Amino acid sequence: MKGHDLDLFCVPRHYENDLDKVIIPHGLIMDRTERLARDIIRDMGEHHIVALCVLKGGYKFFADLLDYIKALNQNSDKSVPLTVDFIRVKSYCNDKSTNSVKVIGGDELSNLSGKVSLQMFDIVETGRTMQTLLSLLSECNPKMVKVVSLLVKRTPRSSGYRPDYIGFEVPDAFLVGYALDYNEYFRDLSHICILNDQAKEKYKV
C-alpha cells in the first residue's frame, strides 16, 4: 500500500504540510465499512448484539458501521437487534506506545454478562491493547465476543492477534485521520494518512 499524493484529494489546509501520503481515501473507507456491515449481519444476524465502541479513535468507524447495519436492518431479510455501549482505552503518548493500557469505563463491562458483544476498534497494532480488553471481557462471562477493526498494522511488534473482521491491512507507519489522532489532532481529517516527522515534532506534548 504505497499511498496517494495529497494533491489528488481535499485535505484541510491546516494539515497540508503535516502529511506524507493519503493511505486510504474516505470513499474507500465507506465502501469497505458497508461490506463489513453485510458480513456481520450474515454471521451474527440471529443474535442480539451489544456493540461496544472503543473510544476515542473508534468513534467514526463505529458510527458509520452502525449506520450501514441499520440500513441493512431496514432493507434486507435478515436483521440484527442492537444496543450500544462505550469504553475508552489509552495506550499512547506522542507516537510511542506507553506499554500500559488504561481502560476507562471498564466497570460497565459487567453489563455484558451472558450477551453477545461486537467490539469496534479503529486500529490493531501490537494486539496488546486488544488482548487486555478481551481478558477484562472474559471475566464478565459474555456469551460470545467478536472483534471488528477498521485497520490492522503489519508490524514486527505484533503479538499475532487477528480480529474476526478486518477492514484494511496497513503499513507500519503512524497513521492519522478518520478519528485516528496524534495528541488529539487530525481527528477532523476525512482520509487516513501517514503523518510526517515534522508534524510529530510540531504537535508533540
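Rules used in this analysis
- Residues numbered from 1 in each chain as written.
- Predicted model: local features only at pLDDT ≥ 70, side-chain atom pairs only at ≥ 80, totals over all residues.
- Heavy atoms only, no water.
- UniProt positions renumbered as here; feature names shortened; annotations may be inferred.
- Helix = DSSP H or I, 4+ residues; strand = E, 2+ residues; numbered from the N terminus.
- Rg over C-alpha atoms; globule rule 2.2 N^0.38 Å.
- Buried < 20%, exposed > 50% of the residue type's maximum accessible area, 1.4 Å probe, protein only.
- Contact = heavy atoms within 4.5 Å.
- Areas by Shrake-Rupley, 256 points an atom, 1.4 Å probe, with all protein chains shown as cover.
- Lys, Arg positive; Asp, Glu negative; His and termini not counted.
- Charge placed at Lys NZ, Arg CZ, Asp CG, Glu CD.
- Axes fitted to C-alpha atoms, helices over the stretch in contact; angles between N-to-C directions.
- Parallel < 35°, antiparallel > 145°, perpendicular 65-115°, else oblique.
- Left-handed = near helix turned anticlockwise from the far one by under 90°.
- Nonpolar A, V, L, I, M, F, W, Y, C, P; charged D, E, K, R; others polar.
- Core = buried A, V, L, I, M, F, W, Y, C linked by side-chain atoms within 4.5 Å.
- Polar contact = N/O pair within 3.5 Å; in protein donor to acceptor, adjacent residues only side chain to side chain.
- Pairing = 2+ DSSP bridges.
- Salt bridge = Lys/Arg side-chain N within 4 Å of Asp/Glu carboxyl O.

The protein is annotated in an unreviewed UniProt entry as Hypoxanthine phosphoribosyltransferase from Seriola dumerili. Listed under Sequence similarities (unreviewed entry) in UniProt, the entry text for the protein is "Belongs to the purine/pyrimidine phosphoribosyltransferase family."

Peer 1: Describe the overall build of the protein, with residues and values.
Peer 2: Counting its regular elements, the protein contains 4 helices and 9 strands. When the helices and strands of the protein are read in sequence order from the N terminus, they spell out β-α-β-α-β-β-β-α-β-β-β-β-α. Its C-alpha atoms give the protein a radius of gyration of 17 Å, within 12% of the compact-globule value 17 Å for 205 residues. Burial analysis of the protein (205 residues in total) assigns 48% to the buried set. Long-range contacts, defined as pairs at least 24 residues apart, comprise 65% of the intrachain contacts of the protein with a sequence gap of at least 6. As displayed, the protein offers around 10,300 Å² of accessible surface, 48% of which is attributable to carbon and sulfur atoms. Averaging the positions of the 27 positive and the 28 negative side-chain charges in the protein gives two centres separated by 2 Å.

Peer 1: Which residues make up the packing of helix 1 (residues 26-44) against helix 2 (residues 59-75), and what values go with them?
Peer 2: Two numbers describe how helix 1 lies on helix 2: the axes approach to 9 Å, and their chain directions differ by 55 degrees. Accordingly, the angle class assigned to the pair helix 1 and helix 2 is oblique. Seen from above, helix 1 lies across helix 2 with right-handed handedness. In this structure, helix 1 contributes M30, T33, E34, L36, A37, R38, I40 and I41 to the contact, and helix 2 contributes F61, D64, L65, Y68, I69, L72 and N73. Residues belonging to the contact of helix 1 with helix 2 are distributed by class as follows: 10 nonpolar, 2 polar and 3 charged.

Peer 1: Break down the nonpolar core for me, citing the residues and quoting the values.
Peer 2: In this structure, L65, V148, L151, L175 and I192 are the most contacted members of the largest nonpolar core, which totals 35 residues. It is helix 1 that provides the largest number of residues to this core, a total of 7 residues. Residues contacting V148, with those up to four places away along its chain left out, are L36, I40, F61, L65, L118, Q119, M120, F121 and Y165. With 17 residues, the next largest nonpolar core counts L112, L133, L137 and I166 among its residues.

Peer 1: I'd love a proper account of the side chain of D18, names of residues and values included.
Peer 2: Mapped onto the elements, D18 comes out in the segment before strand 1 (19-24). A relative accessible area of 2% places D18 in the buried class. A distance of 3.2 Å separates polar atoms of two side chains, one belonging to D18 and the other to K202. Ignoring any residue separated from it by four or fewer positions in sequence, one finds D18 in contact with F186, I194, L195, N196, A199, K202 and Y203.

Peer 1: Help me get a handle on the sheet that holds strand 8 (residues 175-176), residues and values and all.
Peer 2: In spatial order, the strands read 1-9-8; together these 3 strands make up an open sheet with antiparallel pairing. Every interior strand has two partners, whereas the edge strands, strand 1 and strand 8, have only one. Sheet analysis places strand 1 next to strand 9 (residues 192-195), joined by 4 bridges and oriented antiparallel. Bridging across to strand 9, K21 finds its partner in I194.

Peer 1: Before we move on, can you summarise the pattern of salt bridges with the specific residues and values?
Peer 2: Scanning the model with the defined rule gives 15 salt bridges in all. With a closest N to O distance of 3.4 Å, K56 and E184 form a salt bridge. Placement of K56 in the loop between strand 2 (49-55) and helix 2 and of E184 in the loop between strand 8 and strand 9 is noted, with a sequence separation of 128 residues between them. On the accessibility criterion, K56 (31% relative accessible area) is partly exposed. On the basis of relative accessibility, which here comes to 39%, the residue E184 falls in the partly exposed class. One salt bridge connects D172 with R157, and the closest N-O pair in it is separated by 3.4 Å. Taken together, the residues span a long stretch of sequence, with D172 in the loop between strand 7 (165-170) and strand 8 and R157 in the loop between strand 6 (144-153) and strand 7 at a distance of 15 residues. With a relative accessible area of 36%, D172 lands in the partly exposed category. One connected set of salt bridges, linked through shared partners, spans R35, D39, R42 and D43.

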